Every structure is written in structure tokens, then in C-alpha cells.
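Report on the structure
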Amino acid sequence: MSATRSPWMNTDLDDFRDMARTFCEKELAPHQDRWMEQKQVDRELWNKAGEVGLLCLSIPEEYGGGGGNFAHEAVLIEEQAACGDSCWGVALHNAIVAHYVLAYGTEQQKLGWLPKLASGEWVGAIAMTEPGTGSDLQNVQTKAVREGDDYVVNGAKTFITNGGQADVVLVVAKTDPAAGAQGISLLVVEAERAGFRRGRILDKVGLKGQDTAELFFDDVRVPVGNLLGGTEGQGFVQLMQQLPQERLLIGITSVAAMEMAVRETVRYTKDRSAFGREVFSFQNTRFTLAEAATEARVCRVFLDDCITKHLAGELDIPTVAMLKWWTSERAMRVIDECVQLHGGYGYMSEYRIARAWTDQRVQKIYGGTNEIMKEIISRTL
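Residues numbered from 1 in each chain as written. Predicted model: local features only at pLDDT ≥ 70, side-chain atom pairs only at ≥ 80, totals over all residues. Heavy atoms only, no water.

Observations concerning the pattern of salt bridges
The full count for this structure, using the stated rule, is 28 salt bridges. Glutamate 295 is the partner of arginine 333 in a salt bridge, and the nearest nitrogen-oxygen pair spans 2.2 Å. Here glutamate 295 lies in helix α8 (residues 283-311) and arginine 333 lies in helix α9 (residues 317-341), a separation of 38 residues in the sequence. By relative accessible area, which is 44% here, arginine 333 ends up partly exposed. One salt bridge in this structure joins lysine 364 and glutamate 329, with 3.5 Å as the shortest N-O distance. Here lysine 364 is found in the loop between α10 (352-360) and α11 (370-378), whereas its partner glutamate 329 is found in helix α9, with 35 residues between them in sequence. Given the relative accessible area of 23%, glutamate 329 is considered partly exposed. (Salt bridge = Lys/Arg side-chain N within 4 Å of Asp/Glu carboxyl O. Helix = DSSP H or I, 4+ residues; strand = E, 2+ residues; numbered from the N terminus. Buried < 20%, exposed > 50% of the residue type's maximum accessible area, 1.4 Å probe, protein only.)

Let's talk about the packing of helix α4 (residues 70-82) against helix α7 (residues 235-271)
Where α4 contacts α7, the two axes come as close as 9 Å, and the packing angle between them is 35°. For the crossing formed where α4 meets α7, the hand is right-handed. Residues Phe70, Ala74, Ile77, Glu78, Ala81 and Ala82 of α4 pack against Gln245, Leu248, Leu249, Ile252, Thr253, Ala256, Ala257, Met260 and Arg263 of α7. Taken together, the residues of the contact of α4 with α7 sort by class into 11 nonpolar, two polar and two charged. (Axes fitted to C-alpha atoms, helices over the stretch in contact; angles between N-to-C directions. Left-handed = near helix turned anticlockwise from the far one by under 90°. Contact = heavy atoms within 4.5 Å. Nonpolar A, V, L, I, M, F, W, Y, C, P; charged D, E, K, R; others polar.)

What about the side chain of glutamate 190?
For glutamate 190, the position within the fold is in strand β5 (residues 184-190). Taking relative accessible area as the criterion, glutamate 190 reaches 11% and is therefore assigned buried. Of note is the side chain of glutamate 190, whose polar atom sits 2.6 Å from the side chain of arginine 193. Only 3.1 Å separates the side chain of glutamate 190 from the side chain of asparagine 226, close enough to count as a polar contact. Setting aside residues no more than four positions away along its own chain, glutamate 190 makes contact with Trp122, Asp167, Val168 and Asn226. (Polar contact = N/O pair within 3.5 Å; in protein donor to acceptor, adjacent residues only side chain to side chain.)

Some thoughts on the UniProt feature "domain: Acyl-CoA dehydrogenase/oxidase C-terminal" (unreviewed entry) in the chain
Under the present numbering, the feature "domain: Acyl-CoA dehydrogenase/oxidase C-terminal" (unreviewed entry) in UniProt falls on residues 233-380. Measuring from the first to the last C-alpha atom of residues 233-380 gives 26 Å, for a span that is 74% helix and 3% strand. (UniProt positions renumbered as here; feature names shortened; annotations may be inferred.)

Points about the packing of α7 against α10
At a minimum axis distance of 10 Å, the contact between α7 and α10 shows a crossing angle of 155°. When the interaxial angle is binned, α7 and α10 end up roughly antiparallel. In the crossing of α7 with α10, the sense of the turn from one axis to the other is left-handed. Where α7 abuts α10, its residues Ser254, Ala257, Met260, Ala261, Glu264 and Thr265 lie against Arg352, Ile353, Ala356 and Gln360. Grouping the constituent residues of the contact of α7 with α10 by class yields five nonpolar, three polar and two charged. (Parallel < 35°, antiparallel > 145°, perpendicular 65-115°, else oblique.)

A word on the packing of aromatic side chains
Inspection of the entire model under this criterion finds eight aromatic pairs. Ring geometry for phenylalanine 23 versus tryptophan 88: centroids 5.9 Å apart, planes at 40°, classification tilted. With phenylalanine 23 in helix α1 (residues 11-28) and tryptophan 88 in the loop between α4 and α5 (90-104), this residue pair connects regions lying 65 residues apart in the sequence. Ring centres 6.4 Å apart and planes at 85° place the aromatic pair tyrosine 268 and tyrosine 351 in the edge-to-face group. Residue tyrosine 268 is located in helix α7, and its partner tyrosine 351 is located in the loop between α9 and α10; the two are separated by 83 residues in the primary sequence. Each residue in the set Phe23, Trp46 and Trp88 is aromatic and connected to the rest through ring pairs, giving one cluster. The ring of tryptophan 326 is capped by arginine 330, whose NZ or CZ atom sits 4.0 Å from the centre of that ring. (Phe/Tyr/Trp six-rings, centres within 6.5 Å; stacked < 30°, edge-to-face > 60°. Lys NZ or Arg CZ within 6 Å of the ring centre and 35° of its normal.)

Here's what the structure looks like:
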């Protein structure tokens, strides 16, 4: 968390932060090496989180959620980053998958699906990216063809967070291939359905403990009732409306990682000696950290402004695109400087700063590449 208290915080969120920190320090921090080796968290972590109320924090209580708002999601993400965890895909489960269902699901869909996500009975994923499409969501090749009371889904997805453990997947598919973006729909596919299969848990440069997977759909029959919202052709609009919150999550993660890196490096350089003096006493060290702390503070102020606007329903798409590219770029630069100040130990994977460096790089890519963010911004100029 930041050294200064964010203006969107209140006493309820202070108490929640204490609870989230306790959970993260007990249930996340001690297991990092093991989770990275097995390429995923323990499945029971989701159940534990559900039991203490850390899943679907900003989903109304009537659907089994915590009844909070996006600020609760932000606090959990900050505490997760502060303890050094990058394995648990809770931000996607809580603030993305569940919110698609909340925003667009029919009442029957919300009552049927959200309580399972909130309890940890279901782990959620969303399958957008395909091997040949990347950021170009209009050209997805996965198809869902209506046959009677079912859709038959065929296609392949890749880079799917929570893909290795997901019990339910929101699938971006073409229900009308001739209609372009207007032919895209979102279908909820349960992992138990025949024809659904998981490919590899992908071997990434960073985020080693996160189960990012390939998913395949071979004639998967899905009831018409699993069409999110019940109306075909709404998928692209739904994606465009929800992606800003995903980009805000990336901003939170980037800023929290930056702040953690500065804290860790100040501590390290004060404990470490070179040429008979502590490393922190060298002017280059102090100036580098002064710059890093300033970068982190500026990004924090921008982030807090965006969170405040989002809570008020006033955060616009170009502004959150600015936040996403700026904070992810700045965090990469700051963490790289912090690695340098750790010397050789900064390149050792057992050090938190090395993991932060490799984990941060993807923030410039997913949620829409930073080049796409600049394209979005430029259209408004």
C-alpha cells in the first residue's frame, strides 16, 4: 500500500485492509515458491477465500457477494501485491468475470452463477484471446452455431488466466460470423461439458504461479440459456464497456508493484554494505531512489484520481487508457532501477524484486497493449 492514505479510503476500508493483509500474509506469501513450481495456486485457496468473504467483494449480497464496491477490490489487489504474490488470479475472478455476469446477466443467470463464484465453488475465467487475434477482438474465429436449444461452440483460446483451474469460462465467440463486431456474443461454458479441454499451462517469463492456459472447444454443446444476457450480438459492446475496469486493475497492480519495489530496495540498500559503507549512503543510490519514489507518488495520485472517478461512475475510456499505459511503463522503469540497486541479487529469482521485474513486463501487453492504449487516446485529441 502507499505511504499516504488514498482519498477514497474510509474506516470500513481500513478494517477490510487489515483483514485482507492478514489473509495475504498467511495464505499467499508462504507458498510462492511451491505455486510457481506447480504453475498454479492450490485449488483450496479459492474455497478459503470464499469462506472469509474475499470473493466477489463488489457483488451485491443478494447474489452471494460481499456487498462492497470497487474500492474493496482495489484494497485486496494492493495487499496481494504488497505481500509479493502474483500467482492468485483473484482480480480477474472478482472484478472482471463476476462483473460481466452482474452487468449483463439475466436475473436467472445472476442467481444461478454469482453465488458459486462468491463461495469459491466455481473459479471463473474469460476467454478472449486466440492464437491469431491478440488485441483484435473483432476478428475472433471461435464460433457458436445455434442448433435447436443449444449453441455448438468450436475454437481455440490462449493466454487464459485461471484457465487451468476454471470451472466456468466466459467465451467470446461469433454467433453471426458475417456481422463483424455485431456478430460477437459471450457464452458461459462450464468446464465439465463434453468437448471442452485444457491445453498446456503456459511457461511464461513471469507470473510463474498463475495458471495461464490454452483452452479448446470441440463441438461443445451449450444451452441457449448460457448466452450472457439472452441476446445475440451484444458481446463486443459488453467487452468495450468492461475493459476499462480491467485496465484500471492493471493500473492498481502496477502502482502497488512500484511501491513495493521502492520499499524493498530502500530496506535492502540500508542493510547492504559496499566499500565499507551502506549502499544507501552513496549519492547515486539516494538519487535513484528519490526519482523512483517520486515516480511512484505521481502514479499513485493519478491512480487515486481514477479510482475516485470510477467509484462515482465518471471514469472515461481515454483516461483509463492513459493510466494503463503510463503506470505499466513507469512501473517497469522503476522496478528495473531497483533491480540494478540490488546488484547480482536483483537477478536471483528467490528475491522478490527479481520476480516483480519479470511479473511486471506483461502489464504493458495484456488488457490491450500499450500501443492500443495510445491509439484509443489519440482518437480523442
